[in-house]
Amino acid sequence: SVVAGTPTTRIIMDAPPDKGECKPFVAVADLMTHAGLKVPEVLAWDEANGFMLLSDLGTHTMKDVIQPDGPPPLGLYLDAVETLIQWQLASREGVLPPYDRAFVMRELELFPQWYVGEYRKFNLDAAQRQVLDKSFAAIADKALSWPNVFMHRDFMPRNLMVSDAAPVTGNPSATHLGVLDFQDAVYGPITYDIASLLRDAFLTWEEDFCLDVTIRYWSKARKVGLPVGDD
């Protein structure tokens, strides 16, 4: 479409109902919009055939504009922190699926099933499996000891959009980083998404930088009343 001579792009989503469910995407997009986040706007939805017309948040993800060999972009990461805090502040129990022990264990089990078994073709013996099970239990205990908030589950630079466009939400207080790939959002540990942001599978930073951003997140979150603890 063209508005006053300026072309406006749209995104077409093709998600056949037998391959995936679009309702979580629409529901979480609505939650995020009401939280003041910038997300793709659902302009039209042919639910029966799995087609959706979305607004376009631009062409560059946060990961695209980061130079992995250069200094870590503190400003961008603090923008991501502000976006995350805004999302967490909107949290309400009973709205999103719970990230409970069964959920955690299913995700952890992907490691022995797909990496160890399928990719490495290695069979764990009973003693090795016992060590793994004990480790998984400790991880689950630690994660589930934290208070729950709205959790994106894949909050990392490749799912955050950097754009000069005006917020599509129409909310003047909306953060300027766009958010994508949020359809798997759950209600889970407050520590999860900040860890996803800084322990990214695609970018690695020095420990000092990761700690610096984490502490800044903790300080900002604590000031606005999020349950991040006193340490």
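Everything below is about the structure printed above this text.
Residues numbered from 1 in each chain as written. Predicted model: local features only at pLDDT ≥ 70, side-chain atom pairs only at ≥ 80, totals over all residues. Heavy atoms only, no water.

### Concerning the sheet that holds strand E3 (residues 10-14)
The strand order E3-E5-E4 describes an open sheet built from three strands, whose pairing is antiparallel. At either margin of the open sheet sits one strand with a lone partner, and together these are E3 and strand E4 (42-46). On average, adjacent strands in this sheet sit at an angle of 15° to one another, irrespective of strand direction. Two elements, E3 and strand E5 (residues 51-55), share five bridges in a ladder whose sense is antiparallel. Within the sheet, the bridge partner assigned to Met-13 lies in E5 and is Met-52. Packing against the sheet, helix H1 (residues 23-34) makes contact with E3, E4 and E5, and its axis sits at approximately 160° to E4. (Pairing = 2+ DSSP bridges. Helix = DSSP H or I, 4+ residues; strand = E, 2+ residues; numbered from the N terminus. Axes fitted to C-alpha atoms, helices over the stretch in contact; angles between N-to-C directions. Contact = heavy atoms within 4.5 Å.)

### Describing the sheet that holds strand E6 (residues 60-61)
Spatially, the three strands line up as an open sheet ordered E6-E8-E9, and their pairing is antiparallel. Looking at the sheet topology across the chains shown, the edges are occupied by E6 and strand E9 (177-179). In this sheet, E9 lies alongside strand E8 (residues 160-162) in antiparallel orientation, the contact comprising three bridges. Residue pairing in the sheet places Met-161 in a bridge with Gly-178 of E9. In the packing of helix H3 (residues 74-89) onto the sheet, the strands contacted are E8 and E9, and the crossing angle to E9 comes to about 55°.

### Quick word on the environment of Ala-201
Turning to its location among the elements, Ala-201 is positioned in the loop between helix H7 (192-198) and helix H8 (207-223). Ala-201 sits in the exposed class, given a relative accessible area of 66%. Once the C-alpha coordinates of Ala-201 and Glu-118 are considered, the two residues, 83 residues apart in sequence, prove to be 20 Å apart. (Buried < 20%, exposed > 50% of the residue type's maximum accessible area, 1.4 Å probe, protein only.)

### Some points on unusual backbone geometry
The residue Lys-121 is not glycine, and still its phi comes out positive at about 55°. Given a relative accessible area of 63%, Lys-121 falls into the exposed group. Of note in the backbone geometry, Asp-181 takes a positive phi value of approximately 55° without being a glycine. The topology assignment puts Asp-181 in the loop between E9 and strand E10 (186-189). Taking relative accessible area as the criterion, Asp-181 reaches 30% and is therefore assigned partly exposed.

### Considering the packing of aromatic side chains
Applying the stated criterion across every chain yields a total of nine aromatic pairs. Between Phe-111 and Tyr-115, the aromatic rings sit 5.6 Å apart at their centres with planes inclined by 15°, giving stacked as the arrangement. Of this pair, Phe-111 and Tyr-115 both sit in helix H5 (residues 110-119), four residues apart, which is roughly one turn of that helix. Take Tyr-115: its relative accessible area is 37%, and that puts it in the partly exposed class. Chaining the aromatic ring pairs together yields one cluster made of Tyr-77, Trp-205 and Phe-209. Between Arg-106 and the ring centre of Phe-103, over which it is positioned, the NZ or CZ distance is 4.9 Å. (Phe/Tyr/Trp six-rings, centres within 6.5 Å; stacked < 30°, edge-to-face > 60°. Lys NZ or Arg CZ within 6 Å of the ring centre and 35° of its normal.)

### Things to note about the pattern of salt bridges
Counted according to the given criterion, the structure contains 11 salt bridges. Asp-133 is paired through a salt bridge with Arg-129; the nearest N and O atoms lie 2.8 Å apart. On the criterion of helical spacing, the pair formed by Asp-133 and Arg-129 is a turn pair, its members being four residues apart in helix H6 (residues 126-144). Asp-133 sits in the partly exposed class, given a relative accessible area of 35%. You can call Arg-129 partly exposed: its relative accessible area is 23%. Sharing partners across several salt bridges, the network here consists of Glu-109, Arg-129 and Asp-133. (Salt bridge = Lys/Arg side-chain N within 4 Å of Asp/Glu carboxyl O.)

### A look at H6
Here H6 spans 27 Å end to end across 19 residues, near enough to the 27 Å set by a 1.5 Å rise per residue. Along H6, the residues classified as buried are Leu-132, Phe-136 and Ala-140. Buried residues along H6 cover an arc of 70° about the axis, so they all sit on one side. In H6, those exposed residues whose orientation departs by more than 90 degrees from the buried face are Gln-130, Val-131, Lys-134 and Lys-142. The elements touched by buried residues of H6 are helix H4 (101-108) and H5. Its side-chain oxygen 3.1 Å from the backbone nitrogen of Ala-127, Asp-125 forms the N-cap of H6. (Expected span 1.5 Å × (residues − 1). Arc of directions from axis to C-beta. Polar contact = N/O pair within 3.5 Å; in protein donor to acceptor, adjacent residues only side chain to side chain.)

Functional significance is not addressed by these values, which are geometric in nature.
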